[in-house]
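Secondary and tertiary structure notes
Okay, here's what each chain looks like letter by letter:
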Amino acid sequence: GKDNTSKRRYYAGAHYDYFISKQTYLYGDVSAEKEVTANIDLRSTAGVGVGYRVLQTQRSRIEIEGGLSGVNESFSDNTDDNSYIALRTGWKLDHQLYEKVKLFHYGRWISSLQDTEDQLIKTETGLRTRVNSHLLLEIKVLADWDQSPAISKEKEDFSYLFGLGWEF
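So, here is what we can say about the structure in this document. Per chain, the residues get numbers from 1 upward, laid out in the order the sequence is written. It should be noted that, the model being predicted, local features are given only for residues of pLDDT at least 70 and side-chain atom pairs only at 80 or more, the latter also being counted only at that level, while totals for whole chains, interfaces and linings use all residues. Neither water nor hydrogens contribute to the side-chain values; these are computed over all heavy atoms in the structure.

A separate point is the environment of K100. Counting through the fold element by element, K100 comes out in the loop between β5 (82-98) and β6 (101-112). Think of it in three bands: with a 1.4 Å probe and only protein chains considered, a residue is buried below 20% of the maximum accessible area for its type, exposed above 50%, and partly exposed in between. On the accessibility criterion, K100 (46% relative accessible area) is partly exposed. In this structure K100 touches R128, T129 and R130, once residues within four positions along its chain are discounted. Strands are runs of DSSP state E lasting at least 2 residues, helices are runs of H or I lasting at least 4, and numbering of each runs from the N terminus. Contacts: residue pairs with any heavy atoms within 4.5 Å of one another.

Following this line, the structure appears as structure tokens:
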């Protein structure tokens, strides 16, 4: 008669790149997430920065980016809510393994400029295959590391996902 939830996570985000040259771009990034099992009521981020395309071939792409983000965290337990300005470092790696199969690794490191204990690293690594011109199948691992999690919660968190996607 007792419920046990192993994972419940909601996430929404948007990232926009505006290229000012063949390799350099400006970006805007916003996200909001709620993770019941980590006692995160709402973690929101908004930021801007500059990115650089290090490599672009027919099969591979590597991009790095850096900028500033505002972070706001609300918790559902006795952990103090938190807001701070952070340095955001991001990376995007894609490699076409086969005609319709792509390996990817994306990540971001959000490091508070006010308190070195506020560090957050989020990555996603996986395989994506194209079913048709818009429909995608994907299997991936989400890895999160939070230097200052909610009270009595782990710093590391892993999620394994299988999903469908639609590319515009």
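Moving on, there is more to tell.
Let us look at the pattern of salt bridges. Each reported salt bridge corresponds to a side-chain nitrogen of Lys or Arg within 4 Å of a carboxyl oxygen of Asp or Glu. Enumeration according to the criterion identifies 21 salt bridges in this entry. Salt-bridge contacts for K122 lead to D144; the nearest nitrogen and oxygen are separated by 2.8 Å. Linking K122 in strand β7 (residues 119-130) with D144 in strand β8 (residues 135-146), this pair joins segments that are 22 residues apart in sequence. Taking the shortest distance from any N to any O, the salt bridge between K140 and E124 comes out at 3.0 Å.

On to a nonpolar patch on the surface, then. Taken together, the side chains of L97, Y98, L103, L127, I139 and F162 define a hydrophobic patch exposed on the protein surface, amounting to about 620 Å² of accessible area. Structurally, Y98 is set in strand β5. Patches in this entry comprise residues that are over 30% relatively accessible and not in a salt bridge; like charges within 9 Å are linked, as are nonpolar side chains (Val, Leu, Ile, Met, Phe, Trp, Tyr) within 5 Å. Computed with a 1.4 Å probe, the accessible areas rest on the Shrake-Rupley method; for each residue, only the protein chains presented here act as cover.

Next up on the list: the pairing of strand β1 (residues 9-19). We treat two strands as partners when DSSP finds at least two bridges between them. As paired strands, β1 and strand β2 (residues 24-35) are joined by 11 bridges and run antiparallel to one another. Directly across from A14, in β2, lies its bridge partner V30. Hairpin connection between β1 and β2: a loop of four residues separates the two successive antiparallel strands.

If you trace the nine strands from one edge of the open sheet to the other, you get β1-β2-β3-β4-β5-β6-β7-β8-β9, paired in antiparallel fashion. Whereas interior strands pair on both sides, the edge strands pair on one side only; in this sheet they are β1 and β9 (156-166). Across the sheet, the mean angle from the axis of one strand to that of its neighbour is 20°, orientation sign disregarded. Summarising the sheet, β6 and β7 pair through 11 bridges and their orientation is antiparallel. By the bridge assignment, S111 is partnered in β7 with Q119. With axes taken as lines fitted to C-alpha atoms, and helix axes fitted only over the stretch in contact, angles between N-to-C directions fall between 0 and 180 degrees.

Turning our attention to the side chain of S69. Take S69: it is sitting in strand β4 (residues 60-75). Non-local contacts of S69, meaning those with residues more than four positions away in its chain, are made with A46, G47, Y84, I85, A86 and R88.

Moving on: unusual backbone geometry. Positive phi outside glycine occurs at N39, with the angle close to 60°. Here N39 lies in the loop between β2 and β3 (40-56). For S152, which is not glycine, the phi torsion reads 65° and is therefore positive. Secondary-structure assignment places S152 in the loop between β8 and β9.

Within this scheme, the nonpolar core is defined by two criteria: the residues are buried Ala, Val, Leu, Ile, Met, Phe, Trp, Tyr or Cys, and they are joined through side-chain atoms within 4.5 Å. If you look at the biggest cluster of nonpolar residues, it comprises five residues: V71, Y84, A86, I110 and L120. Among residues more than four places away in sequence, those in contact with V71 are R43, S44, T45, N82, S83, Y84, A86 and I110.

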